[in-house]
Amino acid sequence: MTASPGRVLYLVVCAAGPAAQAGRLVAMAQEEGWVVQIVATPSALAFIDVPALENQTGRPVRSQYRKPSEPRPPRADAIIVAPATYNTINKFAAGIADTYALGVLAEAPGLGIPVVVLPFVNSALAFRAPFLRSVEGLRADGVRVLLGPGEFEPHPPSDGPDHYDDYPWKRALAELPAT
């Protein structure tokens, strides 16, 4: 494993509208001294500007497992999953690791890496029993899921685009442990 260049934050980006603004969180985290590594779900690649994020972070956007001959990235000191989709939250809670992003997340609680999940889901999905069980299960694992009053509050179906600009990126960053 390569030496860590400082406090390393993995930002796991999922395929939801606010993903296009992930650079906002990168900038805020860098201002606080974090080295940011973007990990994108395969579907999120269509939502983000990969070259711009690579330029901003100075690191490649990761969406696949590395080849054995490639160097290991520095281990995360903390992880933010944002915007976290219904699908990713449910798979993370179920322990499914069918993508690189989910593999990183599946292992994190067992490694003691703090994980903050900032959802972006509509109310039709957020109030379904499977989703509520997933949130409860993640919280029981020590994952900080920012869902509820004063955190992320689900929007009505079809209203997602009206909420991209007020997505609470800074709230997720505020939940990271101070070091």
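Up top is the structure.
These numbers come from a predicted model, not from an experiment. (Residues numbered from 1 in each chain as written. Predicted model: local features only at pLDDT ≥ 70, side-chain atom pairs only at ≥ 80, totals over all residues. Heavy atoms only, no water.)

Break down unusual backbone geometry for me, citing the residues and quoting the values.
Here the amide bond leading from Ala-82 into Pro-83 is cis, since omega sits at -10 degrees, within 30 degrees of zero. Here Pro-83 shows up in strand β3 (residues 78-84). For Ser-158, which is not a glycine, the phi torsion comes out positive at approximately 75 degrees. Looking at where Ser-158 falls in the secondary structure, it is placed in the loop between β5 (144-145) and α7 (169-174). (Helix = DSSP H or I, 4+ residues; strand = E, 2+ residues; numbered from the N terminus.)

Can you tell me about the nonpolar core, naming the residues and giving the values?
With 60 residues, the main nonpolar core has Leu-11, Ile-79, Ile-80, Val-81, Val-115, Val-117 and Leu-173 as its most contacted residues. Beyond its immediate chain neighbours, meaning those up to four positions away, Ile-79 contacts Leu-9, Tyr-10, Val-12, Val-104, Leu-105, Ala-108, Ile-113, Pro-114, Val-115, Val-116 and Leu-176. (Core = buried A, V, L, I, M, F, W, Y, C linked by side-chain atoms within 4.5 Å. Buried < 20%, exposed > 50% of the residue type's maximum accessible area, 1.4 Å probe, protein only. Contact = heavy atoms within 4.5 Å.)

Can you tell me about the packing of aromatic side chains, naming the residues and giving the values?
For the structure shown, the criterion picks out 7 aromatic pairs. Centre to centre, the rings of Tyr-86 and Phe-131 are 5.7 Å apart; their planes meet at 15 degrees, and the pair counts as stacked. Pair noted here: Tyr-86 is in helix α3 (residues 86-94) and Phe-131 is in helix α6 (residues 129-140), with a separation of 45 residues, a long-range link. Each member of the pair Tyr-86 and Phe-131 is classed as buried. On the numbers, 6.3 Å between centres and 65 degrees between planes, the contact of Phe-152 with Tyr-167 is edge-to-face. Taken as a pair, Phe-152 in the loop between β5 and α7 and Tyr-167 in the loop between β5 and α7 lie far apart in primary sequence, 15 residues in all. For the pair formed by Phe-152 and Tyr-167, the shared burial category is buried. A connected cluster of aromatic rings, assembled from ring pairs, spans Phe-120, Phe-152, Tyr-164, Tyr-167 and Trp-169. (Phe/Tyr/Trp six-rings, centres within 6.5 Å; stacked < 30°, edge-to-face > 60°.)

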